[in-house]
Amino acid sequence: MKKAAKSPRPEIPERFDAGNYPLRTASLSSVTLALTMGVLLSISLAGFFLLDTGIQNLPKAAGRFFSDIWLMISKPAAVHFGFGDALGSLLATLCLGFLTTLIGAFFALLFGLPAARNLGNPIVSAVLKGFVAFIRAVPTVLWVLIFAIGAGLGSVAAIVGMSFHSFGYLLKAYSESFEEIDGETIEALRASGANWLQIVAQAVLPSSMGRIISWTFMRFEMNFTNAVAMGAAAGAGGIGFDLFMASGFYLNLHEVGFITWLILAVAIALEAGAMRLKRTQHVQR
């Protein structure tokens, strides 16, 4: 009985020949990026060393800063309002974030269908995407201040401005989710005689529902943090206004720390809910 022939061992080159491998050369974009980052780093370092602190002792001020941070974290206390009042303000901020997300999601879903290239007219799609690109380019707080010109500072301007920016953010997310649907499924439904609404109801929405829920929940997390900022910057009320009063009016670090812990607890709860939602969708798939 013959023995099976052993396969020959691959020869290992004694030295590495760089000539057989392509070397990465510098391109115009990489050189431009490196120069830009170098200039920005130089400006940042120069600004730090040339900073005019006046009569302030910078090392002493840094030590005081970390001491105040530790005081906020280690000794939170509600001084000018009770725990129930803080929970009520926190609920108002959550409601503001939820309402603006709901309004933005409704209009984003309504206009996101014709904005998808595989469902709508290419010209209409380009116009809608260009419009929401402009909306997203302007920060949320600026939209709130723009609408505050007509409505005045308060919850109305915050709701309209945050909903407007949520619409621009979610329309892009929804339309791209619709465009990821298999084109053969849509063509098969069209060939069978299904109209546009039937295609949307039977193929587009069921296939994209998981991504729609994920994007909407993500925007809700963003709107909660925006609602905190709007409470301080635009007078929208809620926990953000309490934080502004504690830091800018009462100058009470214990109260600032108490509010910060509340906001952090809600942010952690929202993140845990988002992770659970993603796991549920993964199991369903």
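Preceding this section is the structure that the text describes.
Quick look at the structure, then. All residue numbers refer to positions counted from 1 along the written sequence of the respective chain. It should be noted that, the model being predicted, local features are given only for residues of pLDDT at least 70 and side-chain atom pairs only at 80 or more, the latter also being counted only at that level, while totals for whole chains, interfaces and linings use all residues. Computation of side-chain values covers all heavy atoms of the structure but excludes hydrogens and water.

## Describing the nonpolar core
With 26 residues, the main nonpolar core has Leu 119, Tyr 174, Phe 178 and Val 204 as its most contacted residues. Here a strand is any run of E in DSSP of at least two residues, a helix any run of H or I of at least four, and the numbering for each starts at the N terminus. At six residues, the largest contribution of residues to this core is made by helix α6 (residues 155–179). In this description, contact between two residues means that some pair of their heavy atoms is separated by no more than 4.5 Å. Every residue in contact with Leu 119, bar those within four places of it in the chain, is listed here: Leu 113, Phe 178, Ile 186, Trp 196 and Val 204. Core analysis: the second largest hydrophobic core is formed by 16 residues, Phe 81, Phe 220, Val 256 and Leu 262 among them. Joining through side-chain atoms within 4.5 Å is the link that ties buried Ala, Val, Leu, Ile, Met, Phe, Trp, Tyr and Cys residues into a set, and such a set is a nonpolar core. Using a 1.4 Å probe on the protein chains alone, a residue whose accessible area is under 20% of its type maximum counts as buried, one over 50% counts as exposed, and one in between counts as partly exposed.

## Remarks on the pattern of salt bridges
When their charged atoms lie close together, side chains carrying opposite charge are able to pair. Whenever a carboxyl oxygen of Asp or Glu lies within 4 Å of a side-chain nitrogen of Lys or Arg, that contact is scored as a salt bridge. A full pass over the atoms with the stated rule returns six salt bridges. Its salt-bridge partner being Asp 68, residue Arg 64 comes within 3.4 Å of it at the nearest N-O pair. Of this pair, Arg 64 and Asp 68 both sit in helix α2 (residues 58–74), four residues apart, roughly one helical turn. Given the relative accessible area of 56%, Arg 64 is considered exposed. A salt bridge links Lys 129 to Glu 179, with the shortest nitrogen-to-oxygen separation between them at 2.6 Å. Taken together, the positions of Lys 129 in helix α4 (residues 122–137) and Glu 179 in helix α6 put the pair 50 residues apart, joining distant regions of the chain. In this structure Lys 129 comes out as partly exposed when scored by relative accessible area, which is 23%.

## Digging into the packing of aromatic side chains
Note on ring pairs: Phe, Tyr and Trp rings are taken, using the six-membered ring of Trp, and paired if centres are within 6.5 Å. Classes follow the plane angle, with under 30 degrees stacked, over 60 edge-to-face and the rest tilted. Inspection of the entire model under this criterion finds 12 aromatic pairs. Their ring planes at 85 degrees and their centres at 6.0 Å tell us that Phe 134 and Trp 143 sit as a pair that is edge-to-face. Judged by its relative accessible area of 48%, Phe 134 falls in the partly exposed class. The class of Trp 143 is buried, set by a relative accessible area of 8%. Look at Phe 147 and Phe 164: their rings are 5.6 Å apart centre to centre, the planes differ by 80 degrees, and that puts the pair in the edge-to-face class. Linking Phe 147 in helix α5 (residues 140–151) with Phe 164 in helix α6, this pair joins segments that are 17 residues apart in sequence. Of the aromatic side chains, those joined through ring pairs into one cluster are Phe 131, Phe 134, Trp 143, Phe 147 and Phe 164. Counted as over-ring charges are cases with an Arg CZ or a Lys NZ within 6 Å of the ring centre that also lie within 35 degrees of the ring normal. Over the ring of Tyr 169 we find Arg 219; its NZ or CZ atom is 5.0 Å from the centre of that ring.

## Regarding the packing of α5 against helix α8 (residues 196–233)
Relative orientation and spacing of two packed helices are given, respectively, by the angle between their axes and the distance between those axes. Lines fitted to C-alpha atoms define the axes here, with helix axes fitted over just the stretch in contact, and angles between the N-to-C directions of these axes take values from 0 to 180 degrees. In the contact formed by α5 and α8, the axes pass within 10 Å of each other and the chain directions differ by 55 degrees. With respect to each other, α5 and α8 are oriented oblique. Relative to α8, the crossing made by α5 is right-handed. In contact with Thr 140, Val 141 and Val 144 of α5, α8 contributes Arg 219, Asn 226, Met 230 and Ala 233. Relative orientations are named as follows: roughly parallel for angles under 35 degrees, roughly antiparallel for angles over 145 degrees, roughly perpendicular for angles from 65 to 115 degrees, and oblique for any other angle. It is the rotation of the near helix from the far one that decides the hand of a crossing: anticlockwise by less than a right angle makes it left-handed, clockwise makes it right-handed.

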